[in-house]
Amino acid sequence: MRQTAKLPKSATRRLLPVIFLLTALIASAAACGQAPPQGEKSGDQSSSGETTGGGETTQAEKLKPGEGSLVVYSGRSEELVGPIFEQYEEESGMDVQVRYGDTAELAATILEEGENSPVDLFFAQDPGALGALSDADVFEKLPEKLLDRVPGKFRSPDGLWVGTSGRARVVAYNSDELQAKDLPDSILDFTDPKWEGRIGWAPTNGSFQAFVTALRNIEGEDTAREWLEGIESNNPFVYPDNSSALEGVASGEVDVAFVNHYYLLRAREEQGDDLPAENYYLKNGDPGALVLVSGAGVLKTADNPKAAEDFLRYALSDEAQQYFTETDFEYPLTRGVQPGKNLEPLSEIESPDVDLSNLDDLEGTLDLLRETGAL
Amino acid sequence: MQRPSGGRPPGLVWIPAAFVAAAMLLPLGYLILRSFEDGWSGVLEVLLDGSTLAVLLRSISLAVIVTGASIAVAVPLAWLTARTDLPGRRTWAVLAALPLVVPSYVGGLVLISALGPRGMLQGVLAPLGVERLPEIYGLPGAALALTLFSYPYVFLTARAALRGMDPALEETARSLGSGAWKTFFRVTLPQMRPAVVAGALLVALYTLSDFGVVSLLQYDSFAREIYTQYRSAFDRTPAAILGLMLVALTAAILYTESRTRGRARYHRSGVGTARRGAQVNLGRWKWPALVFCGAVVSLALVLPIGILLFWLARGLVEGEPLRLVWGAALNSVYVSAAAAALAALAALPIAVLAVRFPGRVSGLLERLTYLGYALPGIVLALALVFFGSNYVPAIYGTLGILLFAYVVHFLPQAVGATRSALLQVQPSVEEAARGLGKGPTKVLATVTAPLTRSGIIAGGALVFLTTMKELPATLLLGPIGFDTLATSVWTATSEAFFARAAAPAILLILLSAVPMYLLVIREKKQ
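Parameters at a glance
Residues numbered from 1 in each chain as written. Chains lettered and ligands numbered in written order. Predicted model: local features only at pLDDT ≥ 70, side-chain atom pairs only at ≥ 80, totals over all residues. Helix = DSSP H or I, 4+ residues; strand = E, 2+ residues; numbered from the N terminus. Rg over C-alpha atoms; globule rule 2.2 N^0.38 Å. Buried ≥ 20, exposed ≤ 12 C-beta atoms within 10 Å, placed from the backbone. Contact = placed C-beta atoms within 7 Å. pLDDT = per-residue confidence, 0-100. Expected span 1.5 Å × (residues − 1). Arc of directions from axis to C-beta. Axes fitted to C-alpha atoms, helices over the stretch in contact; angles between N-to-C directions. Parallel < 35°, antiparallel > 145°, perpendicular 65-115°, else oblique. Left-handed = near helix turned anticlockwise from the far one by under 90°. Pairing = 2+ DSSP bridges. Right-handed = clockwise from strand over helix to strand, strands pointing away.

Brief notes about the overall build of chain B
Along the backbone of chain B there are 25 helices and 0 strands. For a compact globule of 526 residues, the expected C-alpha radius of gyration is about 24 Å, and chain B comes in at 23 Å, within 12% of that figure. Along the three orthogonal principal directions, the C-alpha set of chain B runs to about 65 × 60 × 45 Å. Out of the 526 residues in chain B, the part that is buried amounts to 58%. Sequence-distant contacts, at least 24 apart, represent 83% of the contacts inside chain B between residues at least 6 apart.

Here it is, written out as structure tokens:
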């Protein structure tokens, strides 16, 4: 009401939102127009799709599944595996479409999609998700030749998924405060009262929880409970994730933290080599020296299972394994590829003997963590 | 009493409204379907579990604290910037609204980094002998983070109400001998009520749905517990049952809100030109007021941006390349603008129904729009994954379904703003147009919509901001390879590459700030 009786300036002001609304509407109409991937509606709507400019049109083309394209859901971050997919695309001429997301959320998405899943390959951060999808009968059995590329303990016993790279659980310690010889051989010894207020951990972290599951499997439920209670009574610092636990070690907030081996190496890359922290590997097959893997499986409903297997072959090639270890600071799993610099050789880690596909009782672990007050 | 402008709503209003409402029922349908997959026994098992009750209580306490704190921060800020001679009040108004553009997953990280037991603040205080600060994990940290980054919902609505209010009411109270404070509490505050409640509702429901803050600050509310269920058991049934409980909680909150609404009238009733209320002279209260504004803005805006810049600089020094992800930025702006426009359009019929044709059905329709808002993004996304992939594969994996998800998720922001604006429009204006022979459709298009324009735009701007920040639906429903700024930030932070996350996060904040800035500036000049 009051605007109408104003100066001419108000006219442009009044037009502004109208222009905005119109632009946005055209944009959304175009968005819907370029949408159909199966080409069902492309006939009458393609013209509006074209008006939106080059970027979007290529996106629409990329969406087309079927021949010559591989659809991947990756719970592994683009930061870690993006270049592997790009490299594979270049070498094979295959069009690779990757949806990145959280491993658990993508697993739930695949289950929701059911028969209509567009996915060929699921690339998971941890074996738990792979085990769960195996149980749901989502994966096709992989060829022996592919499975044989990695040692038996880093793949599904039923041949439904295969590990692609590894990570070791370590004790990161502040090297200003401690030396390796000050540290015990077993993670069980950190319940000693002398560690009071000096330990950092991230009980919500997936790898930590996998370690607790391994601890339950190896040492039994009671020892696991006693250990958790013992650490709890040492007033550990609770971190939201491994990387902030490592930051805590580096800043001297805590003296030690139970993390994965590569967080230190990554922090050094971002913050420089003089970070006062080191990794310590526990000894004698201690559950604290568990080696976990990331891995992948091919879906039964895949449109392009051949391409998915072909990609897995590439991921287990020397070239890709080299990349995982040199750029991502992970462990190569295939024989004959040496771990990158600053990495203790996998063979020298005295890791415990556990079946990784048996680490799927996460619920039991979460219950235990809750009961002992760790969560 | 406000009277409807005449009988049955026109088809132009109720038909689209019915469509919108049907869309809102999709996530609910999905949750019911999944919850009862194993029959009643599974549902009872989750419901009767002691830990479920604990989650419910934790969620309620968090929502109550955050909402209360947001009102306590936002109402004084709104009054100071709208009604007083506070120095630099226009700048303060823009700054006070901006924290809304900080994504919760960034805000949470930043707070931990700054205020953690041995965070940056402790580093500053260390020379004073401060060894460690109190824990911020859990309720205190989660409540602080959510308040800092969602109070602008109340600030924006309260400020708009203060500006749109007819000063005659306050003047009458004053002329009848009521003092300044008494007038504020007896006249001004009650007049602001619907606006404050509308903002508070958004804060409360946002608090229930937010996953970023509660996961980083380790507070087991519904959003975090639902995620834990997906992750630990890969079983969608318990997660869906928790989601359904969240819907019930939302319904309870909406019911409570509806009891406070009443039937009061908030538009001008008299004749004459609308005008702005008189400015209050703060006098020496100016200084505490400035300190208050400064403190809020420092914590909610300067701190996060400062820490992001610090991460960025630290990364650059170590040789990280500067990642200016313009493609992702373009995608973010484009898809957010489209979602904003669609939501604004979808909100109009709902708001008109609720305000001009009040009744059981229209009230229910309006409240239905809040369902999608209170659900964590992951639940909504999985619901649409289910319906999309199995029933409308043609649009599954396209921008179409992603935009649909955004509208279902964020619609109430547009409905609330449009509704508040409509409340301040006199029905008599529409009645006059009707009397002059215009049909209901014509009246809606040529009288009602233009008069509520500011509310429609404000609602659209809110949807724009939240879409810019949205993560789970974008990850799961967007076309494959569709990068946005939010996904770029997530990609980097999920692997703890903070330096790499900083550039897209700063870009996200800057780009979201533009509509927010225009919104506050625009309104000011009127």
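Side note on the overall build of chain A
Summing up its helical and strand segments, chain A has 14 helices and 10 strands in all. For chain A, the proportion of its 375 residues judged to be buried stands at 52%. Contacts in chain A between residues far apart in sequence, at least 24 positions, make up 74% of those at least 6 positions apart.

Notes on the confidence of the model for chain A
All names here are of chain A. Looking at chain A as a whole, its pLDDT mean stands at 82, while 82% of the residues score no less than 70. Mean pLDDT across the elements of chain A bottoms out in helix α2 (residues 42-50) (36) and peaks in strand β3 (residues 121-124) (96). Low confidence marks residues 1-22, where pLDDT is under 50. Its contacts with residues over four positions away, or in another chain, come to 10 contacts. In the model, residues 29-66 has pLDDT below 50 throughout and makes 54 contacts with residues more than four positions away in sequence or in other chains.

Things to note about helix α7 (residues 139-150) of chain B
Residue and element names in this part refer to chain B. For α7, spanning 12 residues, the distance from its first C-alpha to its last is 16 Å, which sits close to the expected 16 Å at 1.5 Å a residue. Burial analysis of α7 places 10 of its 12 residues in the buried class, which makes it a mostly covered element. Looking only at α7, the buried set comprises G141, A142, A143, L144, A145, L146, T147, L148, F149 and S150. Contacts from the buried residues of α7 go to α3 (50-83), α5 (104-115), α8 (152-164), α10 (180-209), α11 (212-216) and α14 (286-317).

A look at the environment of I509 of chain B
Looking at the secondary structure, you find I509 of chain B in helix α25 (residues 498-525). Residues in contact with I509 of chain B, not counting those within four places in the same chain, are V101, V102 and I305 of chain B.

With respect to unusual backbone geometry
Residue and element names in this part refer to chain A. One non-glycine residue with positive phi stands out, namely N235, at about 45 degrees. Backbone geometry places F329, a non-glycine residue, at a positive phi of 60 degrees. A residue is classified by how many C-beta atoms lie within 10 Å of it, and F329, with 24 of them, is buried.

Thoughts on helix α9 (residues 221-233) of chain A
Residues and elements named next belong to chain A. The end-to-end C-alpha distance of α9, which contains 13 residues, comes to 18 Å, matching closely the 18 Å that a straight helix rising 1.5 Å per residue would cover. Taken together, the buried positions of α9 are A224, W227, L228 and I231. Burial along α9 is one-sided: seen end-on, the buried residues are contained in an arc of 95 degrees. Of the exposed residues in α9, those oriented more than 90 degrees away from the buried face are D222 and S233. Against the buried residues of α9 lie β5 (199-201), α8 (206-219) and α14 (362-371). One or two residues past the end of α9 sits N235, with phi positive at roughly 45 degrees.

Examining the environment of A168 of chain A
Residue and element names in this part refer to chain A. Relative to the helices and strands, A168 resides in strand β4 (residues 162-174). Owing to 23 C-beta atoms within 10 Å, A168 belongs among the buried residues under this scheme. In this structure, the C-alpha to C-alpha distance between A168 and T365, residues 197 residues apart in sequence, is 19 Å. When sequence neighbours within four positions are dropped, the list of residues in contact with A168 reads N260, H261, Y281, A289, V291, Y331, I349 and S351.

With respect to the packing of α3 of chain B against α10 of chain B
The axes of two packed helices give the description: the angle between them and the distance between them. All names here are of chain B. Running from amino to carboxyl end, α3 crosses α10 at an angle of 140 degrees, the nearest separation of the two axes being 9 Å. Classified by the angle between their axes, α3 and α10 sit oblique to one another. The two elements α3 and α10 cross, and the hand of that crossing is right-handed. Facing α3, whose interface residues are S59, L62, A63, V66, T67, S70, I71, A74 and V75, α10 presents V196, G199, A200, V203, A204, T207 and L208.

A short note on the packing of helix α5 (residues 103-113) of chain A against helix α6 (residues 127-135) of chain A
Residues and elements named next belong to chain A. Look at α5 against α6: their axes get within 10 Å of each other, and the N-to-C directions meet at 10 degrees. By the angle class used here, α5 and α6 are roughly parallel. Here the hand of the crossing between α5 and α6 comes out right-handed. When α5 is examined against α6, the residues T103, A104, A107 and I110 are found in contact with a partner set consisting of A129, A132 and L133.

Topic: the confidence of the model for chain B
For chain B, the mean per-residue pLDDT works out to 86, and 93% of the residues sit at or above 70. Interface scoring of the predicted complex returns ipTM 0.88; its pTM is 0.85.

What to know about the pairing of strand β1 (residues 69-74) of chain A
Residues and elements named next belong to chain A. Counting buried positions over the 6 residues of β1 gives 5, a clear majority of the element. When β1 meets strand β2 (residues 95-100), the two strands line up parallel, connected through 6 bridges. In the strand pairing of β2, Y73 is matched with R99. Running through helix α4 (residues 78-92), the crossover from β1 to the neighbouring parallel element β2 is right-handed. Pairing between β1 and β3: 3 bridges, direction parallel. In the strand pairing of β3, V72 is matched with L121.

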